Each structure stands twice: as C-alpha cells, then as structure tokens.
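# Overview (structure and organization)
Residue strings, one per chain:
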Amino acid sequence: MKNSDLKRYCFLLLYLLLFFGPSHLRAQEEGKSHSLRVGVYNNPPKIFINEEGKADGIFIDLLEVIAEREDFELEYATGDWNELKQMLSEDRIDLLPDVAYSQERDSLYNLNTVPVLSSWLEAYTLKNAEIRSLADFKNRRIGVLKGSVQEEFFDEFAIKNLKLDFKKVTYDDYPSSIEGLYQKEIDVLVASRFLYFTKHINGEITSTGIIFRPSELHFAFSRSLDPTVIFKIDRQLSALKNDPRSEYYSIIHFWFDPPENKSLPSYFWWILYIVLFLLLSIIGFLFLLRYQVKLKTQALWKRNRQLTQAKEKAEEHERLKTIFLQNMSHEIRTPMNGIIGFLELLKEPNLDSDTRTKYIDIVIKSGKRLLTTINNIIEISKIDTHQLTVHPGRVNIPEVMEFYYNFFLPQAKEKNIELKLFQNLDDSDGIIETDKFIFDNILTNLIGNAIKFTDHGYIEIGNYKKGKDLVFYIKDTGVGIPPERQKAIFKRFVQANLSITRPHEGSGLGLAIVKAYVKALQGKIWLESEENRGTTFFFTLPYRPVDKEAVSNNNNHDQEVTSKPLDILIAEDDNISFLFINQILKRPEIKITRARSGKECVELLRKNPNIDLVLMDIKMPVMNGIEATKGIRTFNQTVPIIVQTAYTSSGDKEKALEAGCNDYITKPIDKERLLQLIRKYT
C-alpha cells in the first residue's frame, strides 16, 4: 500500500469515528437502563417476602414506583439482616432498604439524602407485665435484633448512660425475638415502631409506650454504585413526598390502614351472609328499626368524614413539619458552622489584620442570621399562644422610613440593587399612634425579603394616605411568586419554593409573622406579583394622627455627656454576658461592681447608695430583675436602672418601666446603644 493510500484511509477512519461514533454511543447510552439488585429481609410491613414468595412492603412498593419512573430494572436477593449488610459491603447487592442513619453506616455505605420514613424504637412486653418506665428495666432481660440500630443504641447509649443493670439478648430476626417473648426468654423486646402494624401485636403482646431514639429510615447503596442512580432516586422520592396526591401517600395509607378484606378468612363471608339474611328479615318486619339504623348510619358517615378530614389535615401538617424541621436544621446549623468554624480560624497566630477582620465580619453576619431564625421561632410561638399584645405609642412614620432606607442601603449596594424611597408624608401629618416594635418588624421582614429575592434592578419603598388608612408598599424586580403559591406563602413553614434545593435561606416563618402583626395593628396585607418580573407587597395601618408638639415635649430627656468617674453595678448571672459588658465599659473612669442575683443586687445598692447606674438583667436566680427593681425603688428612687435582657417580647419594655426601670436594651447588646444610654442617664 502506498503512503498516499494509507493517509486517505486514516483520514476516512478518523472521519467515521468523529461523526458517527459519538452519536452511536449516545444512542446506546440513552437506551441504557440501570439494573439494581435489591436486598430483601423479613421486617413487615416495611419489607418482607409475602406468601407468594415475592418481595413486598412499603419500601418495595416505593422502589417499584421510582423504578417505573426512571426506567430501572429491579432484581431481588433474600437473606437475613446481617447477611444482606455483608453483601452490600462486598458489592454483591446494590441497594438495601430500611436503613436507619448512623455515623458507622454512613461511612460503610452511601445513604440517600431524602428520608423515606420516620421511625423510633419502642418497648413491647407480654400483657400485664409490670413495666411502665425505664426504671422498670432494672434486672430485666432485654431482647434486640443482632446488628440492628436497637443493639447499637443499647451498646452506645443505654448501657453507658442509663447505668441500669439488665441483660441484653440478641436475635437474628423478629419471628425468633417474638417467640422469645412468648417463651419468656426475655421480659422486654425493643423493636421498631412498625412492629405495631404487624400481625404479631395482638391481645398477648402490647406496647409499653416507652420509646427511644427517633430516627430517619433511608435506602443504603453500595459504594461502587453510580452516584447518578442515588440522585435520581432522591429526586423522585422528594417529588413524591411533596405531592399529597402521589403514590407515596397511597402506599402509606395502604400499609398502615389496609383494606379489611385483605386477610379475612373464607368462613367470615358465610357468617356475614347469615347475619345479613337475619338482619333483612328483621328490617322487613320492623320499619322503625330500619329508620333508626338509617339515622345511625348517617351519623357514622358524618363522623367518618370528619375523621378523614382530620387525617388529611394531620398528614398535611406532618408534611409541612418535615419540611420545616429540615429547613430549621439548615437555618441553625449553617450559621453555627460559620460561627464555630471561623472562630477556630481566628485562633491561628499568623493571620494578617485584613483576614482577621474578614473572619470577624463572617462571624457577626452568621450570628445575626442565627438570631433572626431564633427570633422568628419565638415570635410565631407567641402568636400561636395568643401572647402577642399591642402597645400603642407615637411613631414618626417619615423618620422610621428614612431610618430603614439608610439601614438597608448598604445591603442593596452590596448586591448592585438600586434602593428607592418615596415619602408621601411629612412631619406635619406623618406622626401616628401605633406599636413601633411591631411596625419595625413588619418593615424589616418585607424589605429584607425584597433584598433577598432580588438580584438585579431596584427596590422601591414608599407610603401614601388613602381614606382612613396609611398604605405602605415594598416593590422589587426580583424572582416573583407563581400564582399558585401566592396565597400559601402567608402560611407558616411555607415558602414560594418548597424544594430542598431552593437558592435562598430562610425559615418560612417571616410572612406568617408579618400577616399576624398587620392583623394585630388592625390593618390588611396583600401582594401583586408576576413570576420573573417582581413582587409588590402592600399593607395598611389605621391613620391615627398625633400632634407633633406632643411628641417633641416627650423627647427632652437627653443630657450632656459627663466626664465624672462612674460607679456602675452590673446585675448579671451569666459569666460570658458579664465579661462582654465589662469589656465594653473597661476604662479608667468607670468602676464595675457585679451582682450574680437580683437579691445580691438589692443588698449591694442598699450598702452603696453612691452607685451611679444599674445594668439589670431580667432573668436571674433567687430574685429576677423585675422583682429586684421593685425592691430597689422602695429605698432608692433616683438611681438610673437600665434593663438588659434576652427576651424579645414587645411587652417586656412596659413591664420593666412599670417596675421602675428608666430604659431598656435587648441582648445581644449593641455597644453604641449601651454607651449612648449610659451617657444619657449619667
């Protein structure tokens, strides 16, 4: 073959590989389906081999739904629990259902992210056993499954921490452990809560009501399995759980509340036919009885409908609670990770000043985010328990709007967003009577949300009068809210995006709190939104104008800053809080005295009447800050008392002032605010 012919042949081969080869490979890949080998053991109703010798149970039904959606092929391998765990470790099976999370299992296998079910451990005994609490476990024989989370729990926690003298007995499977309980080889069987839904729970075996170790149940995968398979299963499982009409809830209903005729014996139908015949004969002669039965049937139908509605409501609540708990875990752990992680980095000796400042800023931002989450949880609990009270006062609306415009301006600039303020009120008509604490929280929530969900464009805040109301609006050019989510976002634990992959932080409580606040101030709230175009939130407050002169006359208590030495008494039982305040006030002209309880504070002030100012914590041992303040005012009416507390209720300030305090500051304490108050009262 000539060199020229050889070159032409090579070019032709290269052409075929480049243009025909990849498309052929892609076609093969698109037609390819994953084959998964699934381990099956007997643990009804979650997973077991049925009477026909086929894999069955909650996990199997869910897997088959997911396999149909993702075009997976499922093969089943049977064995006991320990055999299947060994097979999974050796890659002889790809997937093992019904695996509770533990650090050891997470290191041995790949656990999927979305939990399939929630579970816990429960103690079961024979009927009339004298076991009502953990103390009754002493000198008892406790049965658990070998290699299970029950055994891990007793080895890692119960034996070490409870320090009760009892004997642990292990079994290979539930049938043998149930038999051990019948034969009185053991006194107590600790098993999954799902044992309650099996045929083993009857008149002889009953639950004690003692539960341990709530946990989430997952699918465990072989370490060698393609990660995309796990991702696809998580994706489908998340979609199923977030849809209340999906097969997920149908499967749960079926296994937890199975049709009554599923396991009815054949003789039952003969008995039923005889009873029906007799009943029809009696009804034929007794029309009155028929009428009474009809009434009873209607009552029972109505009751059944009520129970069904309650069950559906409980299931929806459970779904939202699951989303909320996942979200709360994220919202608490994420800033805590930033705080602890960067505090550890700050211990490095060779940090330059710019890096140290950067780390400190991250710690402060993470702390503020954590504090916002905690405050939201506290506020929604107050709303639920009807502890939200309104304390009207004079509020300068233009001044407040200007303050929050300047407050949020740096955050807007950081995201390259234009922040606009349209003030249609002035000091002559913009001073009204309302609760400033609640009004501030409404504005900060809505403006903060607008900045969070806007990545370009502008945010506009403004107000105007309309009839007997003041109307406030916050307009943004952000992501917008889909029409089907616009009513739901005012519900607690709900966000416009329920996905676990949503790009924005937040607890899902902010708008629920805002709605409750607006209602408490006798206003209304609504929104206008277009997806990917932006959202405008509106809310109203009753227009109750206040004379400007009355406001000015109440603000004449500012005093000149004094340079005299100060003797300050700090009533604080928490060491870290005291050290922080002490560091803020650490200067030559200030002498610090500490009281660790309210009672000690009263005694120190009685012995030292020359003390210039008291910083009083509310929550202290022996005597709280409110009681201590009342005690001080019985013999000293002039010493300034400033309350500093971790409570955030809008009524705390009023309680403190009624007791005789001069002013109020909340924790975490702002340094500049504290120094301003000290200058004001000394």
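Let me begin by describing the structure that accompanies this report. (Residues numbered from 1 in each chain as written. Predicted model: local features only at pLDDT ≥ 70, side-chain atom pairs only at ≥ 80, totals over all residues. Heavy atoms only, no water.)

We now examine the pairing of strand β5 (residues 95-100). Across the six residues that make up β5, a large majority, six, are buried. Looking at chain direction, β5 and strand β11 (residues 205-221) are connected through four bridges and run antiparallel. Counterpart to alanine 100 in the pairing with β11 is leucine 217. (Buried < 20%, exposed > 50% of the residue type's maximum accessible area, 1.4 Å probe, protein only. Helix = DSSP H or I, 4+ residues; strand = E, 2+ residues; numbered from the N terminus. Pairing = 2+ DSSP bridges.)

Attention now moves to the sheet that holds strand β15 (residues 458-466). Strand order in the open sheet made by the five strands is β13-β15-β16-β18-β17, with mixed pairing throughout. Edge positions in the sheet fall to β13 (418-423) and β17 (525-530), since each has one partner strand and no second. Here the average twist between neighbouring strands, direction ignored, is 15 degrees. Docked against the sheet, helix α14 (residues 436-452) engages β15, β16 (469-476) and β18 (534-542), running at close to 175 degrees with respect to β18. (Axes fitted to C-alpha atoms, helices over the stretch in contact; angles between N-to-C directions. Contact = heavy atoms within 4.5 Å.)

Between helix α8 (residues 227-241) and helix α9 (residues 247-256), the shortest axis-to-axis distance is 7 Å and the interhelical angle comes to 75 degrees. In terms of orientation, α8 lies roughly perpendicular with respect to α9. Contacts between α8 and α9 pair Leu237, Leu240 and Lys241 from the former with Glu247, Tyr248 and Tyr249 from the latter. In terms of residue class, the contact of α8 with α9 is made up of four nonpolar, no polar and two charged. (Parallel < 35°, antiparallel > 145°, perpendicular 65-115°, else oblique. Nonpolar A, V, L, I, M, F, W, Y, C, P; charged D, E, K, R; others polar.)

For the rest of this paragraph, the subject is helix α15 (residues 510-520). Of all 11 residues that make up α15, eight are buried, and the element is covered over most of its length. All of the buried residues in α15 are Gly510, Leu511, Ala512, Ile513, Val514, Ala516, Tyr517 and Val518. Looking at the residues trailing α15, positive phi occurs at glutamine 522, about 65 degrees.

Here the focus is the pattern of salt bridges. Think of it this way: side chains of opposite charge can pair up when their charged atoms draw near. Inspection of every chain in the model, using the stated rule, returns 12 salt bridges. The partner of aspartate 429 in a salt bridge is lysine 465, and the shortest N-O contact between them spans 3.9 Å. Pair noted here: aspartate 429 is in the loop between β13 and β14 (431-434) and lysine 465 is in strand β15, with a separation of 36 residues, a long-range link. Notably, a salt bridge pairs arginine 533 with glutamate 530, separated by 3.7 Å at the nearest N-O pair. For glutamate 530, a relative accessible area of 45% puts it in the partly exposed group. Three or more residues are tied together by salt bridges with common partners; here these are Asp663, Arg673 and Lys680. (Salt bridge = Lys/Arg side-chain N within 4 Å of Asp/Glu carboxyl O.)

Moving on, we come to the packing of α14 against α15. For the pair α14 and α15, interaxial distance at closest approach is 10 Å and the crossing angle is 145 degrees. Classified by chirality, the crossing of α15 by α14 is left-handed. On α15, the residues that touch Phe437, Ile438, Asn441, Ile442, Asn445, Leu446 and Asn449 of α14 are Gly510, Leu511, Val514, Tyr517 and Val518. Among the residues making up the contact of α14 with α15, the classes are represented as eight nonpolar, four polar and no charged. (Left-handed = near helix turned anticlockwise from the far one by under 90°.)

Quick look at the environment of leucine 145 now. Positionally, leucine 145 belongs in strand β8 (residues 141-145). Spatially, the C-alpha atom of leucine 145 lies 6.1 Å from that of aspartate 173, the residues being 28 residues apart in sequence. Each residue touching leucine 145, except ones within four places of it in the same chain, is listed here: Gln150, Glu151, Tyr171, Asp172, Asp173, Tyr174 and Ser177.

Bringing helix α19 (residues 625-632) into the picture now. At 3.6 residues per turn, the α-helix brings residues three or four places apart onto the same side. For α19, the full list of buried residues reads Gly625, Ile626, Ala628, Thr629 and Ile632. Down the axis of α19, the sector holding all buried residues measures 160 degrees, keeping them to one side. Its side-chain oxygen placed 3.1 Å from the backbone nitrogen of isoleucine 626, asparagine 624 serves as the N-cap of α19. (Arc of directions from axis to C-beta. Polar contact = N/O pair within 3.5 Å; in protein donor to acceptor, adjacent residues only side chain to side chain.)

For the rest of this paragraph, the subject is the packing of aromatic side chains. Inspection of every chain in the model, using the stated rule, returns 17 aromatic pairs. Directly above the ring of tyrosine 458 sits lysine 420, whose terminal nitrogen or CZ lies 4.0 Å from the centroid. Positioned above the aromatic ring of phenylalanine 635 is the side chain of arginine 606, whose terminal nitrogen or guanidinium carbon lies 4.3 Å from the ring centre. (Phe/Tyr/Trp six-rings, centres within 6.5 Å; stacked < 30°, edge-to-face > 60°. Lys NZ or Arg CZ within 6 Å of the ring centre and 35° of its normal.)

Formed by 45 residues in total, the largest nonpolar core has its most connected members in Leu117, Phe137 and Ile233. Looking at this core, the element that brings in the most residues is helix α3 (residues 58-70), giving seven residues. In contact with isoleucine 233, not counting residues within four places along its chain, are Leu36, Ile66, Phe72, Leu95, Phe219 and Phe221. Judged by nonpolar contacts, the second largest core, of 42 residues, contains Ile397, Ile451, Tyr517 and Phe539. (Core = buried A, V, L, I, M, F, W, Y, C linked by side-chain atoms within 4.5 Å.)

Here the focus is a nonpolar patch on the surface. Side chains of Phe268, Trp269, Trp270, Tyr273, Leu276 and Leu279 sit close together on the surface and give an oily, nonpolar patch of about 640 Å² of accessible area. Residue position: tryptophan 270 is located in helix α10 (residues 266-285). Accessibility expressed as a relative area gives 61% for tryptophan 270, which makes it exposed. (Patch = residues over 30% accessible without salt bridge, like charges linked within 9 Å, V, L, I, M, F, W, Y side chains within 5 Å. Areas by Shrake-Rupley, 256 points an atom, 1.4 Å probe, with all protein chains shown as cover.)

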